[in-house]
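Per-entry structural report
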Amino acid sequence: MSQLKIKSALVSVFYKDNLAPIIDLLKANGVTIYSTGGTQKFIEDQGAEVIPVEDLTSYPSIFGGRVKTLHPKIFGGILYRRDHEGDQSQAAEFEIPSIDLVIVDLYPFEETVASGAPEQDIVEKIDIGGISLIRAAAKNFKDVLIVSSREQYPALENLLKEKNCSSDLQNRRKFAAESFDISSHYDSAIFNYFNQEEDLDKFKLSERTGKQLRYGENPHQEGHFYGPLNDLFDQLNGKELSYNNLVDIDAAVSLIEEFNNSETAFAILKHTNACGMAIGTDVKDAYLRAFAADTVSAFGGVLVCNQTVDLAAAEEMHKLFFEVLIAPGFNDDALELLKGKKNRVLLVKKQNLTAQKQFKSLLNGVIVQDRDLVSDQSADFKLVTKKDVTATEKEALEFASKICKHTKSNTIVLVKDGQLLASGVGQTSRVDALRQAIEKAKTFGFDLNGSVMASDAFFPFPDCVEIAHGEGISAVIQPGGSIKDELSINFCDDHGMAMVFTGTRHFKH
């Protein structure tokens, strides 16, 4: 039968928040309740009668509570098929009562790991009875309703009220699906904890928070996002974030986190690449300098800043059509002005990115790598030319390298006085990337004399430094590592240019 009356329930939970209304409903409908330990006491305090699990099984809780519900009379009452004559006969023979509703949750394993607890405490939070009850009840969803998390209590309460303490097959199947989500996530968390040390060549990721997007990269593609986005941002205005918005926001946040709060940094990104980036005396100044690098590409871009946006900056930004603005805060008058465009997305960044890994699907599988968390610091620069870099050049080279790291390969970045002048992005040739950057810088009126150049990978030939010298570029930063490094070094020495190696390549595909 699809519609089944709940006549008996097993309730054994770690979290008892908002459980009381459900107990009241079970009590009011004459449901027989089985329970254990602290949950039993909680239910009795609600004025409901409880049959201790120990009375049903004729076995006490043993091994410090590790074994309480693992018994045929419990699992038999959950798993036996109500429409199967053989199962009915055996249930009667062994005096196994039906259990129609199971309310159980799991020990807080992830929370215990996050707390920094010792391994002994973490291992004790690996649930055995709870996970087994969830799987058993979910497997027999045709006959049993499984509630496996306090997140489901409101839905259960509504169901009990609306259907007079009954459930139909559709209800039970949905709760079962949610329960397998919970149990599989739990097992993945346990595996990933152990695999930090064992390093088995396996990949498991589970995200329980998700949302469907308007569409994917293009309107004909379906898209979803999985993860705790609300932990990272508060959205103060604008339309729902799209797939492309999220990709650009990730790139923007990754770039801005290269800069500390002691300086005011502003970036404008388009298709994950910075078309403008600058350090300024305040947010307005930084924005205007970033915008000057490419006043065309900035249209429809994603803006990001590491300081609170004030009215003076907002007035300048308000003149531009852009998709998203990310900042750690907005002054009230600035927010009021910027909210004048109803679709303009305004995000308050609440915390930094914490993921240590990156992954994506390809070739019918998944490829995983560590995030590139290496930032080139001037203290680590290796001078390879006779001419040393000046203090101004050193600062510019570090700034250029940070931008270069977050730009699609092959890339060349040109910088001067804390301002991105231009970049060549995603070219198949490093020479083409440099030429693209030079042409773009000139298009927007920049003088390249005294500027610096950053490359995401080494120069296999001296052609890039030759071209750079011809444009008045005075200093170069690159990883080094080519078997022909000496050709570029010698050219710099012969023409009075300075060059430093970082030893770290920053390809980005």
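In the block above lies the structure referred to throughout.
Note on numbering: residues in each chain are counted from 1, in written sequence order. Thresholds applied to this predicted model are a pLDDT of at least 70 for local features of residues and 80 or more for the giving and counting of side-chain atom pairs; totals over whole chains, interfaces and linings are not thresholded and use all residues. Calculation of side-chain values draws on the structure's entire complement of heavy atoms; hydrogens and water are dropped beforehand.

Examining the overall build of the protein
Basically, it comes down to this: Here a strand is any run of E in DSSP of at least two residues, a helix any run of H or I of at least four, and the numbering for each starts at the N terminus. Here the radius of gyration uses the C-alpha set of atoms, whereas the globule reference equals 2.2 Å times the residue count to the power 0.38. Only protein chains enter the accessibility calculation, which uses a 1.4 Å probe; a residue whose area is less than 20% of its type maximum is buried, one above 50% is exposed, and one in between is partly exposed. Contacts were defined at the residue level, with two residues in contact if any of their heavy atoms lie within 4.5 Å. Here, Shrake-Rupley sampling with a 1.4 Å probe gives the accessible areas, and only protein chains in the shown set may cover a residue.
Of regular secondary structure, the protein possesses 19 helices and 23 strands. What you see for the protein is a C-alpha radius of gyration of 31 Å, clearly larger than the 23 Å of a compact globule of 509 residues, by over 25%. Here the C-alpha coordinates of the protein stretch approximately 95 × 55 × 40 Å along the principal axes. Relative to its 509 residues, the protein shows a buried fraction of 48%. Excluding contacts between residues fewer than 6 apart, the proportion of contacts in the protein whose partners are at least 24 apart in sequence is 57%. Of the roughly 25,300 Å² of accessible surface on the protein, 49% is carried by carbon and sulfur atoms.

Here's the deal with the sheet that holds strand S6 (residues 145–147)
This is how the line gets drawn: Should DSSP find at least two bridges between two strands, the strands are taken to pair. For helices, the fitted axis covers only the stretch in contact; all axes are lines through C-alpha atoms, and the angles between them, taken along N-to-C directions, range from 0 to 180 degrees.
One open sheet accounts for 5 strands, arranged S4-S3-S2-S5-S6; its pairing is parallel. Each edge of the open sheet carries a strand with a single partner, namely strand S4 (51–52) and S6. Judged from the 4 bridges that link them, strand S2 (residues 8–12) and strand S3 (residues 32–35) form a sheet pairing that is parallel. Bridge assignment links Val11 to a residue of S3, and that residue is Ser35. Across the face of the sheet, helix H9 (residues 153–162) comes into contact with strand S5 (101–104) and S6 while running at roughly 145° to S6.

Quick notes on the packing of helix H18 (residues 463–470) against helix H19 (residues 485–494)
Defined as follows: The cut-offs work like this: below 35 degrees is roughly parallel, past 145 is roughly antiparallel, 65 to 115 is roughly perpendicular, and the gaps in between are oblique. By definition, any crossing whose near helix is turned counterclockwise from its far helix by less than a right angle is left-handed, and any crossing with a clockwise turn is right-handed. The classification used treats Ala, Val, Leu, Ile, Met, Phe, Trp, Tyr, Cys and Pro as nonpolar, Asp, Glu, Lys and Arg as charged, and all other residues, Gly among them, as polar.
The N-to-C vectors of H18 and H19 enclose an angle of 20°; their axes lie 8 Å apart at closest approach. By the angle class used here, H18 and H19 are roughly parallel. Crossing of H18 over H19 shows right-handed handedness. Counted together, Val465, Glu466 and His469 of H18 and Ser488, Phe491 and Cys492 of H19 form the full contact between these two elements. The class makeup of the residues in the contact of H18 with H19 is 3 nonpolar, 2 polar and 1 charged.

Topic: the side chain of Thr502
This is how the line gets drawn: Whenever a nitrogen or oxygen atom comes within 3.5 Å of another N or O atom, the pair is scored as a polar contact, on the condition that within protein one atom can donate a hydrogen and the other can accept it, and that pairs from neighbouring residues in sequence are kept only if both atoms are in side chains.
Looking at where Thr502 falls in the secondary structure, it is placed in the segment after strand S23 (498–501). Look at Thr502 and you get buried, because its relative accessible area is 18%. Here the side chain of Thr502 touches Thr504 through a polar contact of 3.2 Å, landing on its backbone nitrogen. Leaving out residues up to four positions away in the same chain, Thr502 has contacts with Asp376, Phe381, Ile477, Gln478 and Pro479.

With respect to helix H17 (residues 430–443)
What counts here: To estimate how far a helix should extend, the number of its residues minus one is multiplied by 1.5 Å. The arc refers to the directions leading from the helix axis to the C-beta atoms.
Look at H17: 20 Å from first C-alpha to last across 14 residues, which is about the 20 Å you get at 1.5 Å a residue. Regarding H17, the residues found buried are Arg430, Val431, Ala433, Leu434, Ala437, Ile438 and Ala441. On an axial view of H17, the arc spanned by its buried residues comes to 160°, and they lie on one face. For H17, exposure combined with an orientation more than 90 degrees from the buried face picks out Glu439 and Thr443. Contacts made by the buried residues of H17 are with strand S19 (412–416), strand S20 (419–424), strand S21 (452–455) and H18.

Notes on the packing of aromatic side chains
We apply this condition: Stacked, edge-to-face and tilted labels apply to pairs of Phe, Tyr and Trp rings (six-membered ring for Trp) whose centres lie within 6.5 Å, assigned for plane angles under 30 degrees, over 60, and everything in between, in that order. Consider the ring centre and the ring normal. A charge sits over the ring if Lys NZ or Arg CZ is within 6 Å of that centre and within 35 degrees of that normal.
Using the criterion set out here, one finds 10 aromatic pairs in the structure. Ring centres 5.3 Å apart and planes at 70° place the aromatic pair Phe266 and Tyr287 in the edge-to-face group. Here Phe266, found in strand S11 (residues 264–270), pairs with Tyr287, found in helix H13 (residues 283–292); they are 21 residues apart in sequence, far enough to count as distant. Sitting over the ring of Tyr80, Arg82 keeps its end group 4.5 Å from the ring centre. Stacked on the ring of Phe191, the Lys or Arg Lys204 has its end atom at 4.6 Å from the ring centre.

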